[in-house]
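Structural overview for review
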Amino acid sequence: MDIQEVTVLDLNVEKFIEEKVAEIAAIVGDGIAINALSGGVDSSVVTILAHRALGNKLKTYFIDNGLMREGEPEYIVGLFKELGVSVELVDSKKEFFSALSGITEPEEKREAITHAFYKVVFGNLVLESGGRYLLQGTNYTDVEETIAGVKRQHNILEQLGIDTEQQYGYKVLEPLIQLRKDSIRELGKVLGLPLEIYNRPPFPGPALSARIIGEVTSQRIVTVRHATKIIEEELADIDAFQCLGILHEDRVTGVREGKRDFGLQIEVRCWDSVDARVASPTNLPFDLLRKLADRITNEVTGVVSVTYNIAQKPPSTIEAV
Ligand code: XMP
């Protein structure tokens, strides 16, 4: 691919910030740009970078797609308000659930998410705001994995030959595209993001829908969201790259109150990694795994089985879809 990677060793953070701020300001000029903040490291860094470049010519939105973790929209909007960035919360739950309805195949699911974000939701926001640019935090790993055919990352457009101006009515700007996660964290630190944001474990654009095998319904989101909350609480002190829960499609026989309960399965994954290219399962204490299993089976309705993934990436991947 013709994008030149800048590794963390080659990165001069201050100079990079200065250059990107100038570049964004020059491209957008007197126009308006929009960006969607998801609360992940990449979109948070882009928000601050673009805010610095554009001030009130930047309109920042948080898209509530109904697929986020518990309390996430309010937490992120509140946190950025404290940083002086006002973020508009956009309720797009209906658009995403209807786009995902009936879809089980992983790439089709990712395609549906891309369409809902870029065509339906951003298309409207750009029209309403009078903007011509969408700023987003695509990183080098996203592009690499999509081009290699591992999985289509929701935010890869131009690199797949999609002309966003023609198809969606706006141009996409991706100031972080040469960087991997470790470099983006360095940028976040220097840009003044709080540690809880720049050091946050990554979270995928398709959100919890990347963690549901089979159809994504609001009920299945409730299940995986609850499991995620427990997993994040119990593993909060573990120094891992990313921890997550996956809701499987197949059911297994369990037993509750002496009766057969053909119930749900949650798979826990916890990864050690530097930049998500390769990853290995974190060596979690068995007692902790047992506690996780007990809490998930007791607290998440319908779950009778909890497993821990012990495969490496590759051949596994971090998310399940
Ligand atoms: P995989 O599952 O491909 O994930 O091993 C690598 C890293 O990327 C995150 N991920 C995504 N991030 N859009 C994103 O912004 C996506 O579509 C997407 N899919 C996976 C994943 O959480 C991991 O950190």
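Conventions and cut-offs
- Residues numbered from 1 in each chain as written.
- Predicted model: local features only at pLDDT ≥ 70, side-chain atom pairs only at ≥ 80, totals over all residues.
- Heavy atoms only, no water.
- Helix = DSSP H or I, 4+ residues; strand = E, 2+ residues; numbered from the N terminus.
- Rg over C-alpha atoms; globule rule 2.2 N^0.38 Å.
- Buried < 20%, exposed > 50% of the residue type's maximum accessible area, 1.4 Å probe, protein only.
- Contact = heavy atoms within 4.5 Å.
- Areas by Shrake-Rupley, 256 points an atom, 1.4 Å probe, with all protein chains shown as cover.
- Lys, Arg positive; Asp, Glu negative; His and termini not counted.
- Charge placed at Lys NZ, Arg CZ, Asp CG, Glu CD.
- Near = heavy atom within 4 Å.
- Polar contact = N/O pair within 3.5 Å; in protein donor to acceptor, adjacent residues only side chain to side chain.
- Nonpolar A, V, L, I, M, F, W, Y, C, P; charged D, E, K, R; others polar.
- Domains from an automatic or database assignment.
- Buried area = accessible area lost by both parts, 1.4 Å probe.
- Salt bridge = Lys/Arg side-chain N within 4 Å of Asp/Glu carboxyl O.
- Pairing = 2+ DSSP bridges.
- Axes fitted to C-alpha atoms, helices over the stretch in contact; angles between N-to-C directions.
- Phe/Tyr/Trp six-rings, centres within 6.5 Å; stacked < 30°, edge-to-face > 60°.
- Lys NZ or Arg CZ within 6 Å of the ring centre and 35° of its normal.

This next bit is on the overall build of the protein chain. Within the protein chain one finds 11 helices and 10 strands. Relative to its length of 321 residues, the protein chain is compact, with a C-alpha radius of gyration of 20 Å against a globular reference of 20 Å. When the backbone C-alpha atoms are referred to their principal axes, the protein chain occupies close to 70 × 40 × 40 Å. For the protein chain, buried positions account for 55% of its 321 residues. Counting only contacts in the protein chain whose residues sit at least 6 apart along the sequence, the fraction spanning at least 24 positions is 75%. Summed over its atoms, the accessible surface of the protein chain is roughly 14,700 Å², and 49% of this surface lies on carbon and sulfur atoms. Considering the protein chain, the positive charge centre built from 35 side chains and the negative charge centre built from 49 side chains are found 3 Å apart.

Let us look at the site of the ligand. If you check the shell around the ligand, you find 15 residues, and the closest are E145, K151, H154, K313 and E319. The side chain of Q242 places a nitrogen or oxygen atom 2.8 Å from an oxygen atom of the ligand. Here an oxygen atom of the ligand sits 2.7 Å away from a polar atom, N or O, in the side chain of K313. Across the shell around the ligand, the residue classes break down as 5 nonpolar, 5 polar and 5 charged.

What follows concerns the domain arrangement of the protein chain. Assigned domains within the protein chain: domain 1 (13–198) and domain 2 (212–308). Averaged C-alpha coordinates put domain 1 and domain 2 at centres separated by 28 Å. Each partner contributes residues to the interface: domain 1 has 19 residues there, and domain 2 has 18 residues. Buried area between domain 1 and domain 2, summed over both chains or domains, comes out near 1,400 Å², and the portion from carbon and sulfur atoms is 55%. Three residues, R69, E70 and F97, lead the burial of domain 1 against domain 2; their summed loss comes to 30% of the area buried on that side. The tally of links between domain 1 and domain 2 comes to 1 salt bridge. The residue E232 makes a salt bridge to R69 at a minimum N-O spacing of 2.7 Å. Taken together, the connections running from domain 1 to domain 2 amount to 6 residue pairs in polar contact (both at pLDDT 80 or more).

We now examine the pattern of salt bridges. In the structure shown here, the tally under the stated rule is 23 salt bridges. A salt bridge links E5 to R180; the shortest N-O distance between them is 2.9 Å. On the criterion of sequence distance, the pair formed by E5 in the segment before helix 1 (13–28) and R180 in the loop between strand 5 (171–173) and helix 8 (181–190) is long-range, its members being 175 residues apart. For E5, a relative accessible area of 26% puts it in the partly exposed group. Here the salt bridges do not stand alone but share partners, grouping K229, E233, E234, K291, R295 and E299 into one network.

Below, the discussion takes up the sheet that holds strand 3 (residues 87–91). With parallel pairing, the 5 strands of this open sheet are ordered in space as 3-2-1-4-5. Here the strands that pair on one side only, and so sit at the sheet edges, are strand 3 and strand 5. The average undirected angle you get between the axes of adjacent strands in this sheet is 30 degrees. Sheet analysis places strand 2 (residues 58–64) next to strand 3, joined by 5 bridges and oriented parallel. Counterpart to I63 in the pairing with strand 3 is V90.

Further remarks concern the side chain of T141. Of note, T141 is situated in helix 6 (residues 140–147). The buried category is assigned to T141, whose relative accessible area is 7%. Setting aside its immediate chain neighbours within four residues, T141 contacts R180 and D275.

Overall, the coordinates contain 6 aromatic pairs when judged by the stated rule. Aromatic pair Y118 and F122: ring centres 5.3 Å apart, planes at 75 degrees, arrangement edge-to-face. On the criterion of helical spacing, the pair formed by Y118 and F122 is a turn pair, its members being 4 residues apart in helix 5 (residues 106–129). Summarising the burial analysis for this pair, Y118 and F122 share the class buried. The ring of F203 is capped by R69, whose NZ or CZ atom sits 3.9 Å from the centre of that ring.

Another aspect to go through is helix 6. Of all 8 residues making up helix 6, 6 are buried, and the element is well covered by its neighbours. Along helix 6, the positions that sit buried rather than exposed are Y140, T141, D142, V143, E145 and T146. A distance of 3.0 Å separates the backbone nitrogen of T141 from a side-chain oxygen at the start of helix 6, and that oxygen is part of N139. Downstream of helix 6 by a residue or two, G149 has a phi angle that is positive, lying close to 80 degrees.

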